[in-house]
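Below, each chain spelled out in residue letters.
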Amino acid sequence: AQSVAQPEDQVNVAEGNPLTVKCTYSVSGNPYLFWYVQYPNRGLQFLLKYITGDNLVKGSYGFEAEFNKSQTSFHLKKPSALVSDSALYFCASFNAGNNRKLIWGLGTSLAVNP
Amino acid sequence: DGGITQSPKYLFRKEGQNVTLSCEQNLNHDAMYWYRQDPGQGLRLIYYSQIVNDFQKGDIAEGYSVSREKKESFPLTVTSAQKNPTAFYLCASSMGVGHTEAFFGQGTRLTVV
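Fair warning: this is a prediction, and the values are worked out from it, not measured in the lab.

Visitor: Quick one: what's the story with the interface of chain A and chain B, residue by residue and with numbers?
Guide: On the side of chain B, 22 residues touch chain A, which itself brings 21 residues to the contact. In total, chain A and chain B occlude about 1800 Å² of area from one another, counting both sides; carbon and sulfur atoms represent 53% of this. Summed over the three residues of chain A that lose the most area to chain B, namely N41, K101 and W104 of chain A, the buried surface amounts to 28% of that side. Where chain A meets chain B, there are one salt bridge. A salt bridge links K49 of chain A to E101 of chain B; its shortest N-O distance comes to 2.9 Å. In this structure, the connection of chain A to chain B is made through six residue pairs in polar contact (both at pLDDT 80 or more). Of the residues forming the side of chain A that touches chain B, the biggest block, four residues, is contributed by strand β5 (residues 32–38) of chain A. Taken together, the residues that form the side of chain A that touches chain B break down as 12 nonpolar, five polar and four charged.

Right under this line is the structure:
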């Protein structure tokens, strides 16, 4: 079965430190991978995506993600965390199979402590 | 401003009643989606539509219905058959179904009282 996993329910980092939110995937064919962020009681906002090309993808708000085919991972990173980065982060993969739907991870809650 | 609008933001429903959640977009997107979000369960797809007058069931369609009579609008009806309707509902749209990013509305929080 195709799936996206976010192995950490919660990540805590100190402001100014680098942050990583992990995502691994299991999909057939070439994966299309996405990161979204959700602030409390709001909709999701698109951060970045990997379709093809460079393995390091840069996105909004200083975030970037590295596609690693051998490890089937697409971890979200930021060099220096801000308190305002505290939110829920979702990884998703497009399923190019018959149903052509996004497959979502369960989300990781990021808390950046001042 | 271009965007996707959900209304209302908060909705209360008595048990046994149907209720309709509105979703409108002015992004000229072909594809629209409805998701349900519960704590710890991520996003679950209820229905999606790739084009006007066509829609497909998602993973948890039971107790829900939709229509897509106009490109801009994709209303979701939560029927009395939905056994546990209290949740946060998110509508989204995208250029197409696939590798284009989705734009989300601000959500509707439905509470059954």
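This is not the end of the story, as more comes after the structure.
Visitor: Give me the packing of aromatic side chains: which residues, what numbers.
Guide: The final tally for this structure, using the stated rule, is 16 aromatic pairs over all chains. Seen from their ring centres, Y32 of chain A and F94 of chain A are 5.6 Å apart, and the 5° between their planes marks the pair as stacked. On the criterion of sequence distance, the pair formed by Y32 of chain A in strand β5 and F94 of chain A in strand β10 (residues 87–94) is long-range, its members being 62 residues apart. Classification of Y32 of chain A as partly exposed rests on a relative accessible area of 21%. Judged by centre distance (5.7 Å) and plane angle (80°), the rings of Y36 of chain A and F104 of chain B are edge-to-face. One end of the pair, Y36 of chain A, is in strand β5; the other, F104 of chain B, is in strand β10 (residues 103–104), on a second chain. Residue class for Y36 of chain A comes out buried when judged on its relative accessible area of 0%. Every member of this aromatic cluster is reached through a ring pair, and the members are F34, Y36, F46, F90 and W104 of chain A together with Y33, Y35 and F104 of chain B. The residue whose ring lies beneath R68 of chain B is F74 of chain B, and the NZ or CZ to ring-centre distance is 6.0 Å.

Visitor: Pulling in residues and values, what's your account of the nonpolar core?
Guide: Among the nonpolar cores identified, the biggest contains 27 residues, and W35, L47, L48, F74, L76 and Y89 of chain A are the most heavily contacted of them. In contact with L48 of chain A, not counting residues within four places along its chain, are L33, F34, W35, V57, K58, G59, F63, E64, A65, F74 and L76 of chain A. One finds L11, V19, L76 and Y89 of chain B within the second-largest nonpolar core, a separate group that totals 20 residues.

Visitor: Would you mind going over the state of the cysteines in detail, with residue names and values included?
Guide: Residue and element names in this part refer to chain A. Tallied over the full model, the rule gives two disulfides over all chains. Disulfide pairing places C23 opposite C91 at an S-S distance of 2.0 Å. Of note, the bridge from C23 to C91 carries an S-S torsion of about -65° and is left-handed in sense. Of this pair, C23 sits in the loop between β3 (19–21) and β4 (24–26) while C91 sits in strand β10, and the two are 68 residues apart along the sequence. With respect to class, C23 is no different from C91; both count as buried.

Visitor: An account of unusual backbone geometry is requested, with residue identities and associated values reported.
Guide: Negative phi values dominate among residues other than glycine, just as trans dominates among peptide bonds. Cis geometry marks the peptide bond from S7 of chain B to P8 of chain B, where omega comes out at -10°. Secondary-structure assignment places P8 of chain B in the loop between β1 (4–7) and β2 (10–13). Unusually for a residue other than glycine, Y61 of chain A sits at a positive phi of about 60°. Considering the arrangement of structural elements, one finds Y61 of chain A in the loop between β7 (56–58) and β8 (64–68). Positive phi, normally seen in glycine, also occurs at T72 of chain A, with a value near 45°.

Visitor: Can you lay out the environment of S80 of chain B for me, pointing to particular residues and giving the numbers?
Guide: Residue and element names in this part refer to chain B. Looking at where S80 falls in the secondary structure, it is placed in the loop between β8 (76–78) and β9 (87–94). Owing to a relative accessible area of 45%, S80 belongs among the partly exposed residues under this scheme. Separated by 63 residues in sequence, S80 and Q17 place their C-alpha atoms 5.4 Å apart. Not counting chain neighbours up to four residues away, the residues in contact with S80 comprise R13, G16, Q17 and N18.

Cut-offs and rules
- Residues numbered from 1 in each chain as written.
- Chains lettered and ligands numbered in written order.
- Predicted model: local features only at pLDDT ≥ 70, side-chain atom pairs only at ≥ 80, totals over all residues.
- Heavy atoms only, no water.
- Contact = heavy atoms within 4.5 Å.
- Buried area = accessible area lost by both parts, 1.4 Å probe.
- Salt bridge = Lys/Arg side-chain N within 4 Å of Asp/Glu carboxyl O.
- Polar contact = N/O pair within 3.5 Å; in protein donor to acceptor, adjacent residues only side chain to side chain.
- Helix = DSSP H or I, 4+ residues; strand = E, 2+ residues; numbered from the N terminus.
- Nonpolar A, V, L, I, M, F, W, Y, C, P; charged D, E, K, R; others polar.
- Phe/Tyr/Trp six-rings, centres within 6.5 Å; stacked < 30°, edge-to-face > 60°.
- Buried < 20%, exposed > 50% of the residue type's maximum accessible area, 1.4 Å probe, protein only.
- Lys NZ or Arg CZ within 6 Å of the ring centre and 35° of its normal.
- Core = buried A, V, L, I, M, F, W, Y, C linked by side-chain atoms within 4.5 Å.
- Disulfide = S-S within 2.5 Å.

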